[in-house]
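# Examination of the molecular architecture
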Amino acid sequence: MTQHARTDRRTWPRAVGLGVVAVLVFGAAGAAAVYLELQSNIGEVDLAGLVGEESARPEVTEPPPGDARAGSPVNLLIIGSDDRSGENATLGGEEEGMQSDTTIVAHVAADRSRVELVSIPRDLLTDRPSCTMSDGTTTPAREARQFNEAFRIGWDHGHDVASASACTWKTVESLTGVRLDGLVLVDFVGLRDMVEAIGGVPMCLPTDLDDPEYTGLHVKAGPQVFDGATAVQFARARHNIGDGSDTGRMKRQQDLMAAMVRSVLSRDVLTSPTALFQFAQAATSSLTASSGFRDLTDLTGFGLSLRGVQADRIVFASMPTVASTRQRYRVEATAESAELWARIAADQPVGEASAPPVAPTDPAAPPPPAETPWSPPGGVLTSADDSSSCT
């Protein structure tokens, strides 16, 4: 099996996620004054009325610190925004407007035993539904459009993050058949600051990487420790790197996020109040979230419910695609892609690892059905594997 067939299940939910989860654990630990300061860092995007019928989504009623979504699967849309304004312009170059650079659907199993994260290629051809903007106007539906166009169309027509995010949300639900429950956006500055807060990220590179024209990336093969700026360059690099595809970039992003998590855990960030605060500050300052995933009080119980997830039960996969025959440099979904999303929607495991069956509390009750693991072409990555070591 290839390196990527068994490598890392923890990238964004244990990097964005660990950024978020670090905050959750920190909030659960106490320190009210610091907690309130971290809470004020997280921006909010109001999607009310923009993403369809909200009555179909479970209402969050249980007060924290309990898991208000206990017993129900949770699907979180994670968007890495290609924002080129303000401080982000110093990292990505100044540019008008805003686009989405990375899109991941993070699925948390109803029993909180698994987390699956599926990357959607920005170059995927898909049908885009009509989108409602924050001012009440709508955009027409279109067929066979590049996936990340949804975010840009929402931004160009609605002129705000809510419209852009909502159009991506509706496009993802239409594409996958998976109902989404929340949204988190992260920008370049957030990634840079999280890497700096943990003192850099060790990486092992099989070849030299040079992208002087677009990102300024220049790193040698072998063991490296990326600082924040280099990590952003590595996450963005596509031209002159590998085959130049967005699929290849997704794999590199997954390796980077996996290495971030290993750095956090190996350096005991979560048990050092000072280091944890610095990392939590960086993570929360970079986040914009929808209601229900913005409040630290609400997130604390949800985060604590994931403490028992095993490393090999955190799965990172890419949506299966093939080169498009209709448009050059684009990709299209395969039959395996439909199966992947069907399993996510049905809360069925993705990946080779499967948990042992849980014994029923009632001796007379029948044993629970065994899980049937399934992996998409190309395999999955798992947080139990280490791809940052050169040995």
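Since the model is a prediction, treat every value here as computed from it, not as a measurement. (Residues numbered from 1 in each chain as written. Predicted model: local features only at pLDDT ≥ 70, side-chain atom pairs only at ≥ 80, totals over all residues. Heavy atoms only, no water.)

### A look at the overall build of the protein
Applicable threshold: Numbering goes from the N terminus for both helices and strands, where a helix is a DSSP run of H or I of at least four residues and a strand is a run of E of at least two. Residue burial is assigned from relative accessible area. The probe radius is 1.4 Å, only protein chains are included, and a residue is buried under 20% of its type maximum, exposed over 50%, and partly exposed in between. We call two residues in contact whenever any of their non-hydrogen atoms come within 4.5 Å of each other. Only the protein chains shown count as cover for residues, with accessible areas throughout obtained via the Shrake-Rupley method and a probe of 1.4 Å.
Across its full length, the protein carries 11 helices and 18 strands. Across the 391 residues of the protein, 54% fall into the buried class. Put simply, 71% of the contacts in the protein that link residues at least 6 apart link residues at least 24 apart. In the form shown here, the protein has an accessible surface area of approximately 16,500 Å², with 52% of it arising from carbon and sulfur atoms.

### Observations regarding the side chain of Thr102
Counted only if it meets this: Under this definition, polar contacts are N or O atom pairs within 3.5 Å; protein pairs additionally need one hydrogen-donor-capable and one acceptor-capable atom, and for neighbouring residues in sequence, both atoms have to be side-chain atoms.
Structurally, the position occupied by Thr102 is in strand 3 (residues 98–108). By relative accessible area, Thr102 is classed as buried at 11%. Side chain to side chain, Thr102 and Gln253 meet in a polar contact 3.3 Å long.

### A look at the confidence of the model for the protein
The following threshold applies: For every residue, the predictor states its confidence as a pLDDT score lying anywhere from 0 to 100.
Residues at a pLDDT of 70 or more form 67% of the protein, whose mean pLDDT is 75. Averaged pLDDT values for the elements of the protein fall to 37 in helix 1 (residues 16–29) and rise to 96 in strand 5 (residues 125–128). This model gives residues 1–34 a pLDDT under 50, and the stretch forms 117 contacts once residues within four places in sequence are excluded.

### Focus on the side chain of Asn148
Examined against the element boundaries, Asn148 turns out to sit in the loop between strand 8 (142–146) and helix 4 (149–158). The class of Asn148 is buried, set by a relative accessible area of 4%.

### Thoughts on unusual backbone geometry
Although it is not a glycine, Tyr329 adopts a positive phi angle of roughly 70°. One can find Tyr329 in the loop between strand 16 (321–323) and strand 17 (331–333). The phi angle at Asp347 is positive, at roughly 60°, despite the residue not being glycine.

### Considerations on the pairing of strand 4 (residues 115–120)
Operational definition: Strands were regarded as paired on the criterion that DSSP finds at least two bridges between them.
Counting buried positions along strand 4 gives six out of six residues, so the element sits mostly inside the fold. A two-sided burial pattern is seen for strand 4, the buried positions comprising Val115, Leu117 and Ser119 on one face and Glu116, Val118 and Ile120 on the other. The pairing of strand 4 with strand 15 (residues 314–318) spans five bridges and is parallel. By the bridge assignment for strand 15, Val115 is matched with Ile314.

### A word on the environment of Arg330
Inspection of the secondary structure assignment puts Arg330 in the loop between strand 16 and strand 17. With a relative accessible area of 24%, Arg330 lands in the partly exposed category. Between the C-alpha atom of Arg330 and that of Ser245, which follows or precedes it by 85 residues, the distance is 9.3 Å. There is a polar contact of 2.8 Å between the side chain of Arg330 and the side chain of Gln146.

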